[in-house]
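# Descriptive analysis of the structure
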Amino acid sequence: MTHESNSPHPPRTPRTPGPRLTVAVLGPGGVGGLLAALLSRAGHRVLCLSGEETARTLRTGGIQVRSTAYGDFTAPVEADTTLREPVDACLITVKATALDAALTRIPPAALGDALLVPFLNGVEHPALLRARYAEDRVAPSVIRVESTRVAPGLVEHTSPFAEIDLTGAKVPRPRLDALAEALTAAGPTARVLEDETTALWAKMSFLAPLALLTTRYALPLGEARTRHREELASLLAETAAVSRACGAPVDPAQALARYDAFPPAMKSSMQRDAEAGRPLELDAIGGALLRAADRHGVPVPVTARIVRELRAAAR
């Protein structure tokens, strides 16, 4: 998910690092590539998992980052197509549409005792991961950042921040604290939250209306929030009702105020995928929202219609 801010910040340099970690990054794209490069620059051993062509590029040239927040730099990383050794943590930074295929790169036996930290949109992936890997090592987490892979090994980080919420209902707290400390020392602001459900639904409640509306009408946020404001308000209210039913109260008025504060040219990642002809995370976002609404008996007519129209357009 992307959060926007216009406040300028000077380039940040990493703090004095704590213990050196070995971190795998599954999917070194915009988010994964940025985190991989920052952790490497901070002195941690980083292993990127990707296709052979990307792995070859990363092995030879590392990851180049262009960032107003963290400066422009190149960081060396190791790269492979499959995890072949134990690590301290494995960050999953692929899109939901690529998750099933990407997980073949991290065999459970190779993962060992590592934390598995998915930064995915939606709320259903934790159950999938816990069915495949150790339940007490899956740490569903949230990142707020705008970062794009321009080419293999080249990342442009355009937001003046990167903020991370680590969670994990069954994960030993010291493991989460150690990872949060390493990430914060490397640059991003990372914190550990107790309530996994609240963290995931806070993101879902903010992301779903934005993604669905901008993609449905192929409009940037400024035009969408003006021309389709009634639908936007309905989407926010319906999503908030589902979130409350799932045990995570959110304030739709607060979300609308944040939308209004964002630059009018902002586009959602789903909208950008649609423009580029890439697969949409429609099922992970809209589909998951409808399934949760159905389970709890929450009426969501506007959401259902827009998801239906987007599915028809995708076909």
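Further up the page is the structure itself.
Below or above, wherever it landed, is the structure these notes cover. Computed from a prediction, not measured in an experiment: that's the story for all the values here. Sequence order as written defines residue numbering, which begins from 1 separately in each chain. Only residues with pLDDT of at least 70 get local features here, since the model is predicted, and only at 80 or more are side-chain atom pairs given and counted; chain-wide, interface and lining totals rely on the full set of residues. Calculation of side-chain values draws on the structure's entire complement of heavy atoms; hydrogens and water are dropped beforehand.

### A short note on the overall build of the protein
The helix and strand labels rest on DSSP assignments: H or I over at least four residues marks a helix, E over at least two residues marks a strand, and numbering proceeds from the N terminus. If you tally the helices and strands in the protein, you get 13 helices and 12 strands. Both definitions apply: the radius of gyration is a C-alpha atom measure, and the globule rule equals 2.2 Å times residues to the power 0.38. Taking 2.2 N^0.38 as the reference for a compact globule, 315 residues should give roughly 20 Å; the C-alpha atoms of the protein span a radius of gyration of 19 Å, in line with that estimate. If one aligns the C-alpha atoms of the protein with their principal axes, the spans along those axes are about 50 × 40 × 35 Å. Relative to its 315 residues, the protein shows a buried fraction of 55%. Whether two residues are in contact is decided by their heavy atoms: any pair within 4.5 Å suffices. In the protein, the proportion of contacts linking residues at least 24 apart, taken out of those at least 6 apart, comes to 73%. The buried label goes to any residue with under 20% of its type's maximum accessible area, the exposed label to any with over 50%, and the partly exposed label to all in between, with areas taken from a 1.4 Å probe on protein chains only.

### Quick word on helix α12 (residues 282–296)
Between its first and last C-alpha, α12 extends 20 Å over 15 residues, near the 21 Å set by a 1.5 Å rise per residue. Bend, at a single residue, is the angle you get between axes fitted to the 7 residues ending at that residue and the 7 residues starting at it. Along α12, the helix axis deviates most sharply at Ala288, where the bend reaches about 30°. For α12, the complete set of buried residues consists of Leu282, Ala284, Ile285, Gly286, Gly287, Ala288, Leu289, Ala292 and Ala293. Considering only its buried residues, α12 is in contact with α7 (196–217), α9 (229–245), α11 (269–276) and α13 (301–314). Within two residues after α12, Gly297 carries a phi angle of roughly 65°, on the positive side. Helix span, as expected, comes to 1.5 Å for every residue beyond the first.

### Focus: the sheet that holds strand β6 (residues 89–92)
The strands making up a sheet associate through hydrogen bonds between their backbones, and the pairing can be parallel or antiparallel. Read from one edge to the other, the open sheet built from 5 strands follows the order β5-β2-β1-β6-β7, with strand pairing classed as parallel. Edge positions in the sheet fall to β5 (78–80) and β7 (115–118), since each has one partner strand and no second. Averaged over all neighbouring strand pairs, the angle between strand axes comes to 20°, with direction disregarded. Strand pairing is defined by DSSP finding a minimum of two bridges between the two strands. Bridge count for strand β2 (residues 45–49) against β5 is 3 bridges, and the pairing is parallel. Lines fitted to C-alpha atoms define the axes, with helix axes restricted to the stretch in contact, and inter-axis angles between N-to-C directions lie between 0 and 180 degrees.

### So, the sheet that holds strand β11 (residues 163–166)
As summarised here, the arrangement of the 3 strands in space is β8-β11-β12, forming an open sheet in which the pairing is mixed. Among the strands making up the open sheet, the edge pair consists of β8 (141–144) and β12 (189–192). The average undirected angle you get between the axes of adjacent strands in this sheet is 15°. Two strands pair when backbone bridges link them, and β11 and β12 are joined in this way by 4 bridges, in the parallel orientation. Across the sheet, Asp165 pairs through a bridge with Arg191, a residue of β12.

### Examining the nonpolar core
Where a protein is soluble and globular, its nonpolar side chains tend to be buried together. Among the nonpolar cores identified, the biggest contains 43 residues, and Cys48, Ile63, Leu91, Leu166 and Leu179 are the most heavily contacted of them. Among all residues touching Leu166, those that are not within four sequence positions of it are Val117, Phe119, Ser141, Leu176, Leu179, Ala180, Leu183, Arg191, Val192 and Leu193. Working definition of a nonpolar core: buried Ala, Val, Leu, Ile, Met, Phe, Trp, Tyr and Cys residues. They are joined through side-chain atoms within 4.5 Å.

### A few points about the pairing of strand β10 (residues 154–157)
Sheet topology places strand β3 (residues 63–67) next to β10; 4 bridges connect them, and they run parallel. Looking across to β10, one finds that Ser67 is bridged to His157. In this structure, strand β9 (residues 147–151) lies alongside β10, joined through 4 bridges in antiparallel fashion. Its bridge partner lying in β10, Thr148 is registered against Glu156. Hairpin connection, β9 to β10: the antiparallel pair is bridged by 2 residues, and Gly153 has positive phi, about 85°.

### Concerning the pairing of β12
Side-chain alternation along β12 places Ala190 and Val192 on a buried face and Thr189 and Arg191 on a face that remains uncovered. We call a crossover right-handed when, viewed with the strands running away from us, the connection from the first strand over the helix to the second turns clockwise. For the crossover that starts at β11, traverses helix α6 (residues 173–186) and ends in the parallel β12, the hand is right-handed.

### Overview of the packing of aromatic side chains
Planes of paired rings set the category: under 30 degrees apart is stacked, over 60 is edge-to-face and the rest tilted, where pairs are Phe, Tyr or Trp rings (Trp by its six-membered ring) whose centres lie within 6.5 Å. Per the stated rule, a full pass over the model turns up 2 aromatic pairs. Consider the rings of Phe206 and Tyr259, whose centres lie 4.8 Å apart with planes at 50°: the pair is tilted. With Phe206 in helix α7 and Tyr259 in helix α10 (residues 252–261), the pair connects residues that are 53 residues apart, well separated along the chain. With 5.9 Å between their ring centres and 75° between their planes, Phe206 and Phe262 make a pair best called edge-to-face. Of this pair, Phe206 sits in helix α7 while Phe262 sits in the loop between α10 and α11; the two residues are 56 residues apart in sequence, bridging distant segments of the chain. Judged by its relative accessible area of 1%, Phe206 is buried. You can call Phe262 buried: its relative accessible area is 7%. Feature note: the residues Phe206, Tyr259 and Phe262 constitute an aromatic cluster, connected by ring pairs. When the NZ atom of lysine or the CZ atom of arginine is within 6 Å of a ring's centre and also within 35 degrees of its normal, the charge is said to sit over that ring. In this structure, Arg258 packs its charged tip against the face of Phe206, placed 4.1 Å from the ring centre.

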